Structures are given as structure tokens and as C-alpha cells.
Amino acid sequence: MDLNELRLDIDEIDAELLKLFEQRMKISEKVADYKIHSGKSVFDKEREIQKIEAFKALANDDENRDAAGEFIEKIMEISRKRQYEKLSESGALDNGKDYDPVFSEEVKDNSLILYRNATKEQAWLRDTLVILADKKGAEAHYTRGEQEELVHTCMNILIDESARRGFYGNLWHTFLALLLVSDENAYSMADEMRGDTDGSIREIALHDLTRFKTWFDLDFSEMIKRLGTPELSALFDFKAGSSDSKVFNTRVRDRICELAVTLSKCENAEDMLSELALFYKQYGVGKFGLHKAFRVRHAEPSAVIEPIRNIRHVQLADLVGYEIAKQKLVQNTDAFVAGKKANNCLLYGDAGTGKSSCIKAIANEYFDKGLRIIEVYKHQFKDLNDVIAQIKGRNYKFIIYMDDLSFEEFETDYKYLKAVIEGGLEKKPENVLIYATSNRRHLIRESFKDKPAVLDDDLHRNDTVQEKLSLANRFGVTIYFGAPEMKEYDEIVRVLAKREGIDMPEEELVAEARKWEMNHGGLSGRTAQQFIDYLLGK
């Protein structure tokens, strides 16, 4: 038997299947007529499950059972659609249609227009709890056992989502508020930039907020009683075990919890939108509104800017000494966040003197003024233009931070950085500055052959030297961090010890600190901190 003969056999079977299918659809229409007169719902979940299992059991070959289940399930979905059409033509209503999986997935996808950027897990959690809260919808979608299992799964996800952020109060409301303040869409981003956004985009946002209003107003008490899950009540008056948030600045965390309470008390979508607009103006929206520091991940077709969720909470006051250096950095940053002219900054000097800590402190202290830090590594310079394109239209000030910046003679990636800082055709946005730290003042490694007295085969030695200096010269502010003198080192140790509550005679403390620095990297603030950590760990 050849392939063509086999295909002919399949064609004959398909023709028979089509005849049987058409017969089934005619019977479905008769079923619809019956349901029109009896008022019965088209979708009966329990019967659908039983029918699928019974059909699978008819399969002679075990390998075909699951496929047979998918086959009959699809036919039954088509049959129900035909019945709904008949009901619609007759003017009959069937509320059960809203809970039919054939249509409910479409409703979920299309119920929101702007605010539809939740993660898959967040959307699943939201939609599942909405279904479970309604007795008819829950019974149409799930068996009793499935409902009980899903409630506890939802509790697990909701607690996890909330605990990482330090949320408290009504976790369902704070979860909905989180979805609203995290969603970067046409309305929220326009409102962040200009405020008081009106026109058609506002009307569309009101459509979505009307949906959120119904979710805020959900009463889960019937579901708790129906499923016998009193433990769920704890989620609506949740007491956080720690005041710290592992994801958000605690001030932002508290503001989201307050917003959740306010939104829950709003009488309509208009009031909710007004409260939401106030949040956008104060904090912004999405990842840039809720986080202070970011890193870059290369992905096709463009670079992805990802939040850094655990940044060290260092403040400038925590850094002992270097008052002049800190003052120069603060003055430049103050001008930048105030919308005045400011310069790119290069912090250079000895290792362990607090250069990187100063940048982290700047990120912490200026967050409330709209400053955000994006960390970029040397191998990511080719992504810089893409990164800048993503942030230039946002209502924040961005510092692109490059730690331990330096180049060997054979490395040419610095040329990308030169073009971005100054020299490309496109002007660098006013809301972007570059702060870098380095142990080298001139960033690019220099050698003796760069000196005028040393002859080599470079005919234009001065041009070569200028090329190496040009990158450092594009930083308008350079701040030097030198290694401390012995007395300054001693003072750093004393201040850090007092801050950490270390009870130790001063002479002994200083003597031990000096022994430590001789064996652990020399005089520096980092060495002093490592010594204090050593004492705390004893």
C-alpha cells in the first residue's frame, strides 16, 4: 500500500467524520431550542467533565485516551457556541455564558484596555479570585475540590507577593493598587509627564478603573463560608511581620498601602482615577516610579533595564571624612535634580576610599526627588544608546553609573562612551548624567612611550596622548578620593566602632586597627570597615 492509498483512506474517514459532525450540530440546535423554553443554562461543568471522561474511556488504545479527550472537548465547545448563537437569535439570555471557559478567557483578555500589563501570575491570581468570589462562576468553572485547592494556592501567591514588598492591611486591595501603580501604559505615562491628562485617553482609563472598582468592592465572605476557609480572613487585615520591604523603598511601600485604603473607599471610577493621578505625579509609574536603582541586561531586539531590588542603604553621613569631595558631589547632584545645568562626574583615587559608596548614598538620598541610578558595565557600552532612548522621555533624572571604570591600551570600548557623553549627532538628554568611579585619573592606561622624551614608531604621538585623555576630559567634575593618613584612619575606626556600639578601650581599638591594616590592604575606609566587621563577628 503506497502513501496515496493511505491518504485516500484518511479522506474517506474525514468525510464520515464531517457527516457525523453535521448531524451533531443539528441535534445541538434542537438542544438549544429546548433550553430556550426551559431556561436552562447551556454550560454545565459537571456534565462536561463526565462526558469527556466517558468518551476517553471508549478509546481502545491507551495512547489515544488524552487525545480523544481533547477531541471531544473541542467538539463540545463548538456545540455550545452554536447553542449560544441560537439563544441570541431568539433574544434569550444565558448568564452562564460569562462563566463558560470558551468565552471567559476572551472576557479576561478584553475587559481591560490600558491596564493589562500585569505578569501572567498576577493576572491569573486576580482573575481566579474574581471567579471564586462568585458562587455561580466558581461552580461553572471548577469542582468543589478544585475551588478549595485554588483558594489556598491564591493565598500562597498573594502572601508571597505582599510579604516581599512588606505590604499590610487588606492584601487584596494592596495587590490591586500595585497593579495600577506598576502598569506603564499610555495614560499612566502621560499623566506622569504632564498631569491632568484628559481627552479620549482619560475616558478609556475610566473604563478600566470601572472594572477595578468592581474588584475592589468584591465581598469574599460568602466564598470563605462556602469553602470553609476562615484562614483567608487574615489576608484582609494582614499584620506585616517586619517593617522592611525587600522590594520597595519603605516610603513608597507605605504610600501604596495608603493608596489601597483610599481607592477602596472611592465611590466611583472618577474618584479612583483622581487618587491614582496624585500618586503618578508624586512617585511616577512602573519600575522607574517604584525603584531607585537598575541594571542593564542585553536582550534582543533591545536592552532591558531591570530593577535592583536590594541596594545597600548607605547615607552620605555614614561615610567618615572626605567632606570636600562629598560637598562637590552633592552640589552637582543638587543642580541636576533641580533642573539646572550639571556635569558628568568622575570620582577617582585610591581603592577602598568610598567612591562607590558615595554613589550608592546619592541613589538613596535623592530617590524622593526623582533621581534614579542605572548601573552599566564596560561590556555593555554598545547598549548605551538603547538605554538612553528608553529613559529620555521619562519624568525622572537618571544617573548612568559606571563603577571601576578603566581601559587597557588594546580596549576600544571607551569610544562608544565618548560618543554618548559628548560628540554624537544626537544631543544627550537633559535628564541623563554619567557618574563613574575609577582608580585612574585618566581612565585609559598610559605607558612611558607616551612621554615626549621616549621615541617610538608613532609619528603623531601628541594625537595619541590626546586620544587617551579625551575620555577623562569629558567629565566636567572630577573628585579625588585619596587614602587617609594614619590619624584619619584612626578617626574612621573610632567613629565606626561608636556607631556599631563596640565597647573597647580606645587605645586597644586603635592598636588593633593598625595591626589589621598592615595585613589587610593598608590605610583606607574599606579596611577600617572590614576591621569593624571582624570585631562584630567575634
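Up top you'll find the structure we're talking about.
All values derive from a computational prediction rather than experimental measurement. (Residues numbered from 1 in each chain as written. Predicted model: local features only at pLDDT ≥ 70, side-chain atom pairs only at ≥ 80, totals over all residues. Heavy atoms only, no water.)

Attention now goes to the overall build of the chain. When you go through the chain residue by residue, the secondary structure sums to 22 helices and seven strands. Here the chain, with 538 residues, has 44% of them falling under the buried criterion. Relative to all contacts within the chain whose residues are 6 or more apart in sequence, the contacts with residues 24 or more apart total 76%. (Helix = DSSP H or I, 4+ residues; strand = E, 2+ residues; numbered from the N terminus. Buried < 20%, exposed > 50% of the residue type's maximum accessible area, 1.4 Å probe, protein only. Contact = heavy atoms within 4.5 Å.)

Its identity is not glycine, yet Tyr322 carries a phi of approximately 55°, on the positive side. Within the fold, Tyr322 resides in the loop between strand S2 (304-307) and helix H15 (323-337).

Right, let's talk about the sheet that holds strand S1 (residues 293-297) for a bit. Strand order across the open sheet formed by seven strands is S2-S1-S4-S5-S6-S3-S7, with mixed pairing between neighbours. Of all strands in the sheet, those bounded by a partner on one side alone are S2 and strand S7 (477-481). Within the sheet, the average angular offset between the axes of one strand and its neighbour, ignoring direction, is 25°. Contacts between H15 and the sheet are confined to strand S3 (345-349), strand S4 (371-375), strand S5 (397-402), strand S6 (432-438) and S7, with S7 contributing the most and set at about 150° to the helix. (Pairing = 2+ DSSP bridges. Axes fitted to C-alpha atoms, helices over the stretch in contact; angles between N-to-C directions.)

A separate point is the pattern of salt bridges. Applying the stated criterion across every chain yields a total of 29 salt bridges. Of the charged contacts in the structure, one is a salt bridge between Glu192 and Arg394, with a shortest N-O distance of 3.0 Å. With Glu192 in helix H9 (residues 186-193) and Arg394 in the loop between helix H17 (384-391) and S5, this pair connects stretches of sequence that are 202 residues apart. Here Glu270 ties to Arg202 by a salt bridge, and the two come within 3.0 Å at their closest N and O atoms. With a gap of 68 residues between them, Glu270 in helix H13 (residues 269-283) and Arg202 in helix H10 (residues 200-216) connect regions that are remote in the sequence. The structure contains a network of salt bridges with shared partners spanning Asp160, Glu161, Arg164 and Arg165. (Salt bridge = Lys/Arg side-chain N within 4 Å of Asp/Glu carboxyl O.)

Right, let's get into the environment of His207. Positionally, His207 belongs in helix H10. Residue His207 is classed as partly exposed on the basis of its relative accessible area of 37%. Along the chain, His207 and Ile113 lie 94 residues apart, while their C-alpha atoms are 7.9 Å from each other. Leaving out residues up to four positions away in the same chain, His207 has contacts with Ser111 and Ile113.

Looking now at the side chain of Arg372. Note that Arg372 resides in strand S4. Of the side chains with opposite charge, Asp368 comes closest to the buried, unpaired Arg372, at an N-O distance of 6.9 Å. Excluding anything up to four places from it in sequence, Arg372 contacts Tyr283, Phe288, Gly289, His291, Lys292, Phe294, Phe367, Tyr396, Lys397, Phe398 and Ile399. (Lys, Arg positive; Asp, Glu negative; His and termini not counted.)

As a further point, take the pairing of S4. S4 sits mainly inside the fold: five of its five residues count as buried. With five bridges joining them, S4 and S5 adopt parallel strand pairing. Paired with Arg372 across the strands is Phe398, a residue of S5. For the crossover from S4 across H17 to S5, the handedness is right-handed. (Right-handed = clockwise from strand over helix to strand, strands pointing away.)

The next subject is the packing of helix H21 (residues 506-519) against helix H22 (residues 525-537). Their axes nearest at 10 Å, the elements H21 and H22 cross at an angle of 115°. Note on packing geometry: the crossing formed by H21 with H22 is right-handed. For the pair H21 and H22, contact is made by Leu509, Glu512, Ala513, Trp516 and Glu517 and by Thr527, Gln530, Phe531, Tyr534 and Leu535, respectively. Each residue belonging to the contact of H21 with H22 can be placed in one class, and the counts come to six nonpolar, two polar and two charged. (Left-handed = near helix turned anticlockwise from the far one by under 90°. Nonpolar A, V, L, I, M, F, W, Y, C, P; charged D, E, K, R; others polar.)

Once that is clear, we can look at the pairing of S7. Side chains Val477, Ile479 and Phe481 project from S7 onto a buried face, and the interleaved Thr478 and Tyr480 project onto a face without burial. Across five bridges, S3 lies against S7 in parallel orientation. Residue pairing across strands places Cys345 opposite Val477, the latter belonging to S7.

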